[in-house]
Amino acid sequence: MKKTMHNYRKLLNKNIMLALMFCLTLGIGIFTNSVQVKAANSLKIGNIQAYGGSQVAFEATFKMNGYQKIEIYRSTSGGAFQLVDNFTEEGELWNTYSEGWYTVGNKKKVTCYADNTKVAGQVVFEDDSVTVGNRYSYKVVLTCYDGSKITSGTVSVAVTLDTAEILNIYSADAKKVKIKWRRVSKAQGYQIYRTEGKKWKVIKTIKSGKKVTFVDKKVKKNKVYRYKVRAYGTVKGKKVYGNFGYVCKASLKKPTVKGAYKKGSIYGPALNNNQLMQVRRVVQSFKTNYIKKGMSNYEKAFIAFNYLNQNCKYATRGWQYNGANTAWGALVYGEAQCSGYARGMKALCDAIGVPCYYVHANKKALNPSHQWNQVKVDGKWYIVDAQSGYFLAGSKIWRNEIGMSWDTKGLPKCSGSNHKRGGFYGI
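Keep in mind that what you see is a predicted model, and the values were worked out from it rather than measured.

Novice: Lay out the side chain of Asp162 with the relevant residues and their values.
Specialist: Mapped onto the fold, Asp162 is located in the loop between strand E11 (155-158) and strand E12 (166-170). Put simply, Asp162 is tucked away with no salt bridge, and the nearest opposite charge, on Arg182, sits 4.4 Å away.

Novice: Give me the lowdown on the state of the cysteines, citing residues and values where you can.
Specialist: A complete count under the given rule lists 0 disulfides for this structure. As a non-bridged cysteine, Cys349 has Cys356 as the owner of its nearest cysteine sulfur, 4.2 Å distant. Residue class for Cys349 comes out buried when judged on its relative accessible area of 0%.

Novice: Residue-level account of the sheet that holds strand E25 (residues 390-393), with values.
Specialist: Taken together, 4 strands build an open sheet; the order of strands is E22-E23-E24-E25 and the sheet is antiparallel. Of all the strands in the sheet, the pair left with one neighbour each is strand E22 (356-360) and E25. Averaged over all adjacent pairs, the angle separating strand axes in this sheet is 25 degrees, with direction ignored. One ladder, built from 5 bridges, connects strand E23 (residues 371-377) with strand E24 (residues 380-385); its direction is antiparallel. Among the inter-strand pairings, Asn373 is bridged to a residue of E24, identified as Val384. Against the sheet, helix H3 (residues 297-311) engages E23, E24 and E25, with an angle of about 155 degrees to E25. Running over the sheet, helix H5 (residues 338-352) touches E22, E23 and E24 and is turned about 25 degrees from E23.

Novice: Break down the sheet that holds strand E16 (residues 213-216) for me, with residues and values.
Specialist: Read from one edge to the other, the open sheet built from 3 strands follows the order E12-E13-E16, with strand pairing classed as antiparallel. Of all strands in the sheet, those bounded by a partner on one side alone are E12 and E16. Averaged over all pairs of adjacent strands, the angle between strand axes in this sheet comes to 15 degrees, irrespective of strand direction. As paired strands, strand E13 (residues 177-181) and E16 are joined by 4 bridges and run antiparallel to one another. Pairing of Val177 across the sheet is with Asp216, part of E16. Here H3 sits on the sheet and contacts E12 and E13; the angle it forms with E12, its principal contact strand, is near 90 degrees.

Novice: Break down the environment of Thr61 for me, with residues and values.
Specialist: On the secondary structure map, Thr61 appears in strand E2 (residues 55-62). Other than its neighbours up to four places away in sequence, Thr61 contacts Ser42, Leu43, Lys44, Gly121 and Gln122.

Novice: Now, about the nonpolar core: what can you tell me, with residues and values included?
Specialist: Among the nonpolar cores identified, the biggest contains 100 residues, and Phe62, Ile70, Phe125, Trp181, Tyr190, Tyr227 and Leu331 are the most heavily contacted of them. Residue contacts for Ile70: discarding those within four places in its chain leaves Phe62, Asp85, Asn86, Phe87, Thr88, Glu89, Val119, Phe125, Val140, Val141 and Leu142.

Novice: If you had to explain the packing of H3 against H5 to someone new, which residues and values would you point to?
Specialist: Remark: H3 packs on H5, axes separated minimally by 10 Å, with the N-to-C direction vectors making an angle of 145 degrees. Considering how the two elements wind past one another, H3 and H5 form a crossing that is right-handed. Contacts between H3 and H5 involve Lys300, Ala301, Ala304, Phe305, Tyr307 and Leu308 from the former and Tyr341, Gly344, Met345, Leu348 and Ile352 from the latter. In terms of residue class, the contact of H3 with H5 is built from 9 nonpolar, 1 polar and 1 charged.

Novice: Can you tell me about the side chain of Arg281, naming the residues and giving the values?
Specialist: The residue Arg281 is located in helix H2 (residues 273-290) in this model. Buried charged residue Arg281 carries no salt bridge. Nearest counter-charge: Asp173, at 6.8 Å. Among residues more than four places away in sequence, those in contact with Arg281 are Ser171, Ala172, Asp173, Ala174, Ser251, Leu252, Lys253, Lys254 and Pro255.

Novice: Before we move on, can you summarise unusual backbone geometry with the specific residues and values?
Specialist: Negative phi characterises most residues that are not glycine, and trans characterises most peptide bonds. Not every positive phi belongs to a glycine, and Asn322 is a case in point at roughly 55 degrees. Position of Asn322 among the secondary structure elements: in the loop between strand E20 (313-314) and helix H4 (327-333). Backbone geometry at Asp378 places phi at a positive 55 degrees, although glycine is not the residue there. Its location among the elements puts Asp378 in the loop between E23 and E24. Classification of Asp378 by relative accessible area gives exposed; the value is 54%.

Novice: Can you lay out the confidence of the model for the chain for me, pointing to particular residues and giving the numbers?
Specialist: Low-pLDDT stretches of the model should not have their predicted coordinates read in fine detail. Taken over all residues, the pLDDT of the chain has a mean of 88, while the share at 70 or more is 89%. Under a pLDDT of 50 for its full length, residues 6-41 has, in the predicted model, 98 contacts with residues more than four places off or in other chains.

Novice: Outline the packing of aromatic side chains, supporting the account with residue identities and numerical values.
Specialist: The tally for this structure, following the rule as stated, stands at 21 aromatic pairs. With centroids separated by 6.0 Å and ring planes inclined at 25 degrees, the aromatic side chains of Trp328 and Tyr333 adopt a geometry described as stacked. Aromatic side chains Tyr390 and Trp398 sit 5.2 Å apart centroid to centroid with 75 degrees between the ring planes, which places their arrangement in the edge-to-face category. For the pair formed by Tyr390 and Trp398, the shared burial category is buried. One aromatic cluster is present, built from ring pairs that chain together Phe58, Phe87, Phe125 and Tyr138. In this arrangement the basic side chain of Arg399 is found over the ring face of Trp406, its NZ or CZ atom lying 4.3 Å from the centre.

Novice: So what about H2? Which residues, and what values?
Specialist: Between the first and last C-alpha of H2 there are 26 Å, a value that for 18 residues agrees with the 26 Å anticipated at 1.5 Å per step. Regarding H2, the residues found buried are Leu276, Gln278, Val279, Arg281, Val282, Val283, Gln284, Ser285, Phe286, Asn289 and Tyr290. Residues of H2 that are buried make contact with E12, strand E19 (248-251), H3, H4 and H5. Its side-chain oxygen 3.1 Å from the backbone nitrogen of Asn274, Asn272 forms the N-cap of H2.

Novice: Give a detailed account of the environment of Ser208, specifying residues and quantitative values.
Specialist: Structurally, Ser208 is set in the loop between strand E15 (201-206) and E16. Note: C-alpha distance between Ser208 and Tyr232 (24 residues apart in sequence) is 9.8 Å. Not counting residues up to four positions away in its chain, the partners in contact with Ser208 are Gln188, Gly189 and Tyr190. Here Lys210 takes part through its backbone nitrogen, which lies 3.2 Å from a polar atom of the side chain of Ser208.

The rules behind each value
- For every chain, the first residue of the written sequence is number 1, and numbering continues from 1 along that sequence.
- Since the coordinates come from a predicted model, pLDDT governs what is reported: local features require at least 70, and pairs of side-chain atoms require 80 or more to be given and counted, while whole-chain, interface and lining totals use all residues.
- Side-chain descriptors were evaluated using all non-hydrogen atoms of the structure, hydrogens and water having been removed beforehand.
- Only DSSP runs of H or I with at least four residues qualify as helices, and only runs of E with at least two residues qualify as strands; both kinds are numbered from the N terminus onward.
- Buried means the residue's accessible area, taken with a 1.4 Å probe over protein chains only, is under 20% of the maximum for its type, while exposed means over 50%, and partly exposed covers the values in between.
- Positive charges are assigned to Lys and Arg, negative charges to Asp and Glu, while His and the chain termini are left out of the count.
- The salt bridge definition used is simple: a Lys or Arg side-chain nitrogen within 4 Å of an Asp or Glu carboxyl oxygen.
- Pairs of cysteine sulfur atoms within 2.5 Å are what we label disulfides.
- A pair of strands is treated as paired once DSSP finds two or more bridges between them.
- Only C-alpha atoms enter the line fits that serve as axes; for helices the fit covers just the stretch in contact. Angles between N-to-C directions range over 0 to 180 degrees.
- Two residues form a contact once any of their heavy atoms are found within 4.5 Å.
- To define a nonpolar core, start from buried Ala, Val, Leu, Ile, Met, Phe, Trp, Tyr and Cys residues and group those joined through side-chain atoms within 4.5 Å.
- By the definition used in this description, the sense in which the near helix is turned from the far one sets the handedness, with an anticlockwise turn below a right angle giving left-handed and a clockwise turn giving right-handed.
- Gly is placed with the polar residues, together with every amino acid not listed as nonpolar (Ala, Val, Leu, Ile, Met, Phe, Trp, Tyr, Cys and Pro) or charged (Asp, Glu, Lys and Arg).
- Per-residue confidence from the predictor is given as pLDDT, running between 0 and 100.
- To pair, rings of Phe, Tyr and Trp, with the six-membered ring standing in for Trp, must have centres within 6.5 Å; the planes then decide the type, stacked if under 30 degrees apart, edge-to-face if over 60, and tilted in the middle.
- Counting as a charge over the ring demands two things of the Lys NZ or Arg CZ atom: a distance within 6 Å of the ring centre and an angle within 35 degrees of the ring normal.
- Expected helix span is given by 1.5 Å per residue-to-residue step, counting one fewer step than there are residues.
- Polar contacts, as counted here, are pairs of nitrogen or oxygen atoms within 3.5 Å of one another; within protein the pair requires one atom able to donate a hydrogen and one able to accept it, and residues that are adjacent in sequence qualify only if both atoms are side-chain atoms.

If you want it as structure tokens, here you go:
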């Protein structure tokens, strides 16, 4: 929950209501029906958002001192307002997290997130006692030391299931289409829709909230299909549905994406022509669905980086199994070691026009067998290690802190420092 609030407050502060797809992807929920209402000069509430099917958060701004008690009132689906929780300005039990401090209300229903150990200034209230299928309205009441009260306006939001965004979709053999989507909390299952033209049809109902993959075998060669997915649940005997996510395409035509798709390829010297064609089909689907006209090289590289993290896991058995040291292992089988991640990143970058090199550590490195990429963004070259989670790191950190060493002959000079929006570990 604290990680969720970190993202929520970051979005509010930058006035961003929807982050970049996957990133796809990439685990952020869809917020709905944002409403902001101004109240008395000393108290405003707004920016209400629902997520996860079980949480509502809204922002409150206090511009006065001298109040003794803060009360949160809630109305459910048009009913009367009732007290859901209360706080005092100071004296609560506060805990720290990455963005500041938080405390739980006296009734243990609402959490307050603040910049310091006071329910004052600009704060976020999060209600964890809501359920899917209801619409909730909130207002805040301040009781001052002299007994007077100040009441805010109201904000409202409907709590729905989150959106089941498609994370990966492709046909590696032109005989079937594989789909993977983001798991939705509180979902009882999912509906998969498909169309070849304008008419959408439900082709599969998944009766499990935990299953997030489907293989469509009822497809034909040289066809292009579009898919969308939505989650469903049951509230008081009635079915409720989440919103549809992005519509994604799956092409069973011959891929045209550029890259090194001949035997002896940098994507895996041991890969045969059939495996290379499968890699090419996956890369084609990635480019078609996630790369849009006008994107910067930073955006393209970041989406490719996230795509690998979302759809490939570390191959614990070893690089010898299932092509774990190749782009086929990373992009088709979905398991790879560092070499597979690096070759997969190279294949993705080649297709989307991001300059990229495949780099191997030398015997002086802390791990002489490690492999990664070097990519060009904003006119400079940086380190990208999708397997370890480093994005646009500088060479000084890579050498001095990570302990890597490599032969730079034939490679462009890498930036010594991290990119201003890169260098982080983990995603």
